[in-house]
Amino acid sequence: MMATPMPAGVQMETRRITFRDAVREALQEEMQRDPTIFVIGECVELRSAWRTTRDLSVLFPGRVRDTPISESAIVGAAVGAAMLGMRPVAEIMVGDFVTTCMDELVNQAGKARYMFGGQIDLPLVVRIPTGLAKNAAAQHSQTLESWFMHAPGLLVAAPSTPYDCKGMLKAALRGRDPVLFFEYKMLYALQGDVPADDYTVPLGVADVKRAGRDVTVLCWGSVVHKALAAAVALEADGVSVEVLDLRSLVPLDTPAIQRSVERTHRAVVVEEACRPASAGADIAAWIAEHVFYSLDAPIKRLAAPPVPKPFSTPLEQAVVPQTDDIVRAVRELL
Amino acid sequence: MTQPIQDSLGLTGDQLLELYRQLLTIRAFEERVKYESSLGNVLGPTHLYIGEEAIAVGVCAALRPDDYITSTHRGHGHALAKGCRPDRMMAELFGRETGYCRGKGGSQHIADFSAGMLGANGIVAGGIPIATGAGLAIQLKQSDQVVISFFGESASNRGPFHEGINLAAVWRLPVLFVCEFNHFGQYTYARQVMRVENVADRAAAYGIPGLVVDGNDVLAVYQAAREAIARLRAGDGPMLLECKTYRLEGHNIGDELYYRTPGEAEAWRLKDPIDRYSAWLKDREVLSEALEAVTQARVQAEIDSAVAFAQASPFPPVEAALQDVFSADYAVRLS
Ligand SMILES: Cc1ncc(C[n+]2csc(CCOP(=O)(O)OP(=O)(O)O)c2C)c(N)n1
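Residue positions are counted from 1 within each chain, in the order its sequence is given. Each chain is given a letter, starting from A, and each ligand a number, starting from 1, according to the order in which they appear as written. Local features in a predicted model are, by the rule used here, given only for residues with pLDDT of at least 70; side-chain atom pairs are given and counted only at 80 or more, and totals for whole chains, interfaces and linings are based on all residues.

> Can you walk me through the overall build of chain B in this structure?
The helix and strand inventory of chain B stands at 11 helices and seven strands. Between the two quantities, the radius of gyration covers C-alpha atoms and the globule rule is 2.2 Å times the number of residues to the power 0.38. Against the compact-globule benchmark of 20 Å for 335 residues, chain B has a radius of gyration of 20 Å, which places it among compact chains. Projected onto its principal axes, the C-alpha positions of chain B cover 60 × 50 × 40 Å. For chain B, contacts bridging at least 24 residues in sequence account for 76% of all contacts bridging at least 6. Numbering of helices and strands runs from the N terminus, with a helix taken as a DSSP run of H or I at least four residues long and a strand as a DSSP run of E at least two residues long. Placing C-beta atoms from the backbone, we regard two residues as in contact once those atoms come within 7 Å.

Rendered as structure tokens:
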């Protein structure tokens with residue numbers, strides 16, 4: 001997988017690390033800084049299924065705990081501990097399994113502050129490895145961010161680079177609200193530069209991953225890299241594509257969307273999830289509502305059809321937008 | 001728990017040999033799956049049943065063809081023992097059109113409703129309440145069929161285990177809950193995440209019988225299942241049967257297993273269910289060296305032809321990705 005550069009303007013000593021190490025370093029550094037942080041989840045003591053918690057149980061005895069296969073208890077316990085001022089990090093091994101702890105996420109974590117009249121902070125992070133993995137099939141491939149945009153009270157983050165991942169996870173661990181932190185499984189091996197020193201990336205701030213004049217491609221997570229590849233391909237034809245990495249879906253950086261689309265006058269919203277009632281649908285609706293008079297062409301959306309993710313490779317590849325699809329969509333707008 | 005395999009329970013020589021053939025078939029299938037996965041022919045995450053074969057074979061031997069099972073992510077053995085065909089299973093694992101699910105399900109979703117195999121499941125404990133529902137259907141239809149729900153010990157730490165078994169107990173449904181205690185939930189030892197030694201101890205909480213058997217003794221499993229199933233058919237309600245075994249391979253293919261206690265697997269290999277059973281059969285002179293070689297060769301030929309079938313089969317056409325979301329009555333919205 002290609003490597004990602006540091007954002008423009010950041011000038012510090014850097015190190016090159018993988019996305020999975022970005023997760024681990026963020027956890028390690030924040031656990032060092034804040035003794036209230038602890039990690040729970042399935043097989044996290046050894047290394048976690050995605051090797052994101054390697055060595056942490058040795059470095060922080062008692063603060064990294066294997067749980068039974070009990071997702072309701074994992075998230076519910078995180079909520080309860082957060083109520084008492086701890087900072088739990090709960091790992092749900094595969095994004096599809098959020099279905100098995102929806103009550104704890106939606107009815108408990110998302111609503112506690114509000115329905116209890118603002119009495120408490122709920123500083124918990126639920127890490128959710130998500131999205132397509134090779135041939136993982138219907139119950140291990142979904143990415144369900146949009147469900148949690150619809151549920152009030154939950155912050156939703158989905159970084160695309162090691163830099164963003166580490167910085168945003170650190171920000172999440174210093175916040176006061178429940179954060180669902182979506183980590184695209186296909187990105188774990190991606191390399192990128194991070195500062196040698198402490199830094200954070202605030203939640204709710206989008207990032208222009210590539211500046212352009214003609215079309216804005218709005219995306220997040222693993223799709224960002226397909227959009228960047230499409231931008232490179234289109235540049236050869238003289239088409240200048242701006243890739244706006246939203247990074248967070250709640251809060252959604254609507255000023256950044258507005259700025260970009262007002263300059264390019266064209267928008268393509270791309271996502272890996274199913275099309276109906278998706279994050280992309282909400283973003284497209286926001287553009288239509290607020291930036292309509294700046295548009296020179298209808299908003300375009302690329303998403304998966306509303307089908308479960310199929311197992312066999314040709315079908316799996318066919319149901320999610322690919323770089324070529326983005327290239328085609330951009331051309332259709334010009 | 002490793003006493004010799006017991007008396008033949010009234011089984012004929014042919015029946016005893018059929019169990020042997022099934023054990024060998026599952027083992028050979030799984031060994032081949034491992035190899036084909038290393039070549040990239042078997043796609044995706046795959047969990048092997050090596051070392052646990054006696055459970056599926058022993059339980060399913062006590063079933064009628066019109067009975068049902070629900071299975072797990074580690075389901076190849078259950079499917080084969082319930083009568084699924086190795087060729088269509090292999091084709092599914094290869095992602096081919098001729099697979100049981102047209103290549104759309106893969107290892108964790110093999111199902112064959114015509115064989116009473118109600119599906120492998122990618123969600124741990126997902127099959128347990130479904131088995132309860134199948135039991136409810138049987139009760140409502142006033143049939144004497146039964147349902148087996150296979151699951152690992154770690155599934156008993158999830159809510160659907162509690163809810164599914166409690167409901168089956170309350171309604172006295174004809175479901176046998178079969179726990180495969182293989183000591184691991186992925187990379188975690190069972191003892192790290194449970195305070196009881198036996199999942200069967202939990203049966204008391206639902207007011208149903210719980211029984212522990214040696215899961216590496218195919219006849220012990222068969223006998224226990226036969227008695228439990230007789231209870232079910234008589235309308236006496238569900239039961240929890242726990243089979244103690246050991247996962248000889250990694251959690252999935254590619255698992256480096258560096259969390260495993262050294263020497264443990266070697267000790268369990270001495271209790272390999274196939275070696276034990278074939279030794280017992282030879283002791284009784286049911287199995288000769290010659291017959292053993294012939295059976296092994298036949299099984300190997302069947303697996304070879306399953307692979308050839310899979311390899312010769314086409315991948316599904318891309319249109320298939322949009323089919324079977326709903327019945328033909330409704331279409332998928334594409335834009
Ligand atoms: C609800 C849910 N949580 C986690 C997983 C990931 N996972 C798949 S299999 C497995 C271990 C299951 O252990 P057990 O039920 O004992 O069965 P075994 O693998 O030992 O056969 C885990 C954690 C899952 N598939 N579903």
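> Would you explain the overall build of chain A in this entry?
Across its full length, chain A holds 12 helices and 14 strands. Rg of the C-alpha trace for chain A: 19 Å, near the compact-globule value of 20 Å for 334 residues, within the 12% margin. Along the first, second and third principal axes, the C-alpha atoms of chain A reach 55 × 45 × 45 Å. Here a residue counts as buried when 20 or more other C-beta atoms fall within 10 Å of its C-beta, as exposed when 12 or fewer do, and as partly exposed in between; the C-beta atoms come from the backbone. The buried share of chain A, taken over its 334 residues, is 57%. Counted over contacts in chain A with a minimum sequence separation of 6, partners at least 24 positions apart contribute 80%.

> Would you mind showing me how to read the interface of chain B and chain A here?
Accessible area lost when the parts come together is the quantity often used to give the size of an interface. Every contact between the two is made by 35 residues of chain B and, on the other side, 30 residues of chain A. Of the residues belonging to the side of chain B that touches chain A, the class tally is 17 nonpolar, 15 polar and three charged. Think of it as three bins: nonpolar holds Ala, Val, Leu, Ile, Met, Phe, Trp, Tyr, Cys and Pro, charged holds Asp, Glu, Lys and Arg, and polar takes everything else, Gly as well.

> Would you mind showing me how to read the site of the ligand here?
Any residue whose backbone-placed C-beta atom lies within 6 Å of a molecule or strand is treated as near that molecule or strand. Within the structure, the ligand sits among 22 residues, and V124(B), G152(B), S154(B), A155(B) and G185(B) are positioned closest to it. Residues within reach of the ligand are spread across chains A and B. Those elements that provide at least two residues to the shell around the ligand are strand 2 (147-152) and strand 4 (184-185) of chain B. Looking at side-chain class alone, the shell around the ligand contains eight nonpolar, eight polar and six charged residues.

> Mind showing me how you'd approach helix 8 (residues 223-235) of chain A here?
Residues that lie three or four places apart on an α-helix share one face, since the helix turns once every 3.6 residues. Between the first and last residue of a helix there are one fewer steps than residues, each counted as 1.5 Å, and that sum is the expected span. With 13 residues, helix 8 of chain A should reach 18 Å at 1.5 Å per residue; the first-to-last C-alpha distance of 18 Å fits that figure. Buried residues along helix 8 of chain A sit in contact with strand 9 (207-210), strand 10 (215-219), strand 11 (241-245), strand 13 (267-274) and helix 12 (323-333) of chain A.

> I keep staring at the domain arrangement of chain A and nothing clicks. Help me out?
Residue and element names in this part refer to chain A. An automatic or database domain assignment supplies the residue ranges for each domain. For chain A, the assigned domains read domain 1 (14-195) and domain 2 (207-333). Elements supplying a minimum of two residues to the side of domain 1 that touches domain 2: helix 6 (145-150), strand 6 (155-157), helix 7 (162-173) and strand 7 (179-184). Looking at the side of domain 1 that touches domain 2 residue by residue, the class counts come to 15 nonpolar, seven polar and two charged.

> In this structure, what is going on with the pairing of strand 5 (residues 125-130) of chain A? I would like to understand it.
Remember that side chains alternate between the two faces of the sheet whenever the strand is regular. Residues and elements named next belong to chain A. The buried count for strand 5 comes to six of six residues, which makes it a mostly enclosed element. Here three bridges tie strand 4 (residues 87-91) to strand 5, and the two strands are oriented parallel to one another. When the bridges of strand 5 are listed, E91 appears paired with R127. Pairs of strands are assigned from DSSP output, requiring at least two bridges between the strands. As paired strands, strand 5 and strand 7 are joined by six bridges and run parallel to one another.

> I tried to follow the sheet that holds strand 13 of chain A on my own but got confused; where do I start?
Remark on secondary structure: sheet strands pair via backbone hydrogen bonds, oriented parallel or antiparallel. Residue and element names in this part refer to chain A. Read across the sheet, five strands follow the order 9-11-10-13-14 without closing on themselves; strand pairing throughout is mixed. Where the open sheet ends on each side, the last strands, each with one partner, are strand 9 and strand 14 (300-304). Neighbour to neighbour, the strand axes of the sheet diverge by 25° on average, direction disregarded. As defined by bridge partners, strand 10 adjoins strand 11 across five bridges and the pair is classed as parallel. Within the sheet, the bridge partner assigned to V217 lies in strand 11 and is V243. Between N-to-C directions, angles cover 0 to 180 degrees, with each direction set by a line fitted to C-alpha atoms, over the stretch in contact for helices. Those strands touched by helix 12 are strand 10, strand 11, strand 13 and strand 14, and its axis lies near 160° from that of strand 14.

> Sorry if this is basic, but what is going on with helix 4 (residues 102-109) of chain A here?
All names here are of chain A. Looking only at helix 4, the buried set comprises E104, L105, Q108 and A109. Burial along helix 4 is one-sided: seen end-on, the buried residues are contained in an arc of 120°. On the buried face of helix 4, the contacting elements are helix 3 (71-83), helix 5 (112-115) and strand 5. The arc in question is formed by the directions pointing from the helix axis toward the C-beta atoms.

> Help me understand the nonpolar core in this model?
In summary, soluble globular proteins display a tendency toward joint burial of nonpolar side chains. Nonpolar core, as used here: buried Ala, Val, Leu, Ile, Met, Phe, Trp, Tyr and Cys residues forming one set through C-beta atoms within 7 Å. Core analysis: the biggest nonpolar cluster contains 210 residues, and V126(A), V217(A), A227(A), L176(B) and V221(B) have the highest contact counts within it. Each of domain 1 (14-195) and domain 2 (207-333) of chain A gives at least three residues to this core. The residues touching V217(A), leaving out its near neighbours within four places in the chain, are A227(A), V241(A), E242(A), V243(A), L244(A), V268(A), V270(A) and I326(A).

> Explain the sheet that holds strand 12 (residues 248-250) of chain A here, please?
Residue and element names in this part refer to chain A. Judged by pairing direction, the sheet is mixed, and its seven strands sit side by side in the order 3-2-4-5-7-6-12 without closing on themselves. Every interior strand has two partners, whereas the edge strands, strand 3 (64-66) and strand 12, have only one. Strand-to-strand twist of the sheet, defined as the mean angle between neighbouring strand axes without regard to direction, takes the value 20°.

> How should the environment of L228(A) be read in this particular structure?
All names here are of chain A. Considering the arrangement of structural elements, one finds L228 in helix 8. For L228, a count of 22 C-beta atoms within 10 Å corresponds to the buried category. Sequence-wise, L228 and V241 are 13 residues apart; in three dimensions their C-alpha atoms are separated by 8.6 Å. Those residues in contact with L228, other than ones at most four positions away along the chain, are K209, R210 and V243.

> What is the right way to read unusual backbone geometry from this model?
Trans is the common state for peptide bonds, and a negative phi is the common state for residues other than glycine. All names here are of chain A. Look at the link from V250 to P251: it is a cis peptide, with omega at -5°. Positive phi is not limited to glycine here, since A137 has a value of about 70°. Note on placement: A137 falls in the loop between strand 5 and helix 6. In this structure, H265 is a non-glycine residue whose phi angle is positive, near 65°. With respect to the helices, strands and loops of the structure, H265 is situated in the loop between helix 9 (254-264) and strand 13.

> Looking at this structure, how should I read the confidence of the model for chain B?
Residues shown with low pLDDT carry predicted positions that ought not to be read at fine detail. Looking at chain B as a whole, the pLDDT averages 96, with 98% of positions reaching at least 70. Model confidence for the complex: the whole-complex pTM is 0.96, and ipTM, which rates the interface, is 0.94. pLDDT measures how confident the predictor is about each residue, on a scale from 0 to 100.

> What am I meant to see in the environment of F184(B) here?
Residues and elements named next belong to chain B. Relative to the assigned elements, F184 resides in strand 4. By C-beta crowding, F184 is classed as buried, having 20 other C-beta atoms within 10 Å. Between the C-alpha atom of F184 and that of E249, which follows or precedes it by 65 residues, the distance is 11 Å. Non-local contacts of F184, meaning those with residues more than four positions away in its chain, are made with Y189, A190, R247 and H251.

> Can you walk me through the packing of helix 1 (residues 19-33) of chain A against helix 7 of chain A in this structure?
Each pair of packed helices gets described by two things: the angle between the helix axes and the distance between those axes. All names here are of chain A. For the pair helix 1 and helix 7, the least separation of the axes is 8 Å and the interaxial angle reads 30°. Compared by their axis directions, helix 1 and helix 7 come out roughly parallel. Handedness of the crossing formed by helix 1 with helix 7: right-handed. On the side of helix 1, the interface is formed by F19, A22, V23, E25, A26, E29 and E30, while helix 7 contributes P162, C165, K166, L169, K170 and L173. Our angle categories are set so that under 35 degrees counts as roughly parallel, over 145 as roughly antiparallel, 65 to 115 as roughly perpendicular, and the remainder as oblique. Left-handed describes a crossing whose near helix is turned anticlockwise from the far helix through less than a right angle; right-handed describes the clockwise counterpart.

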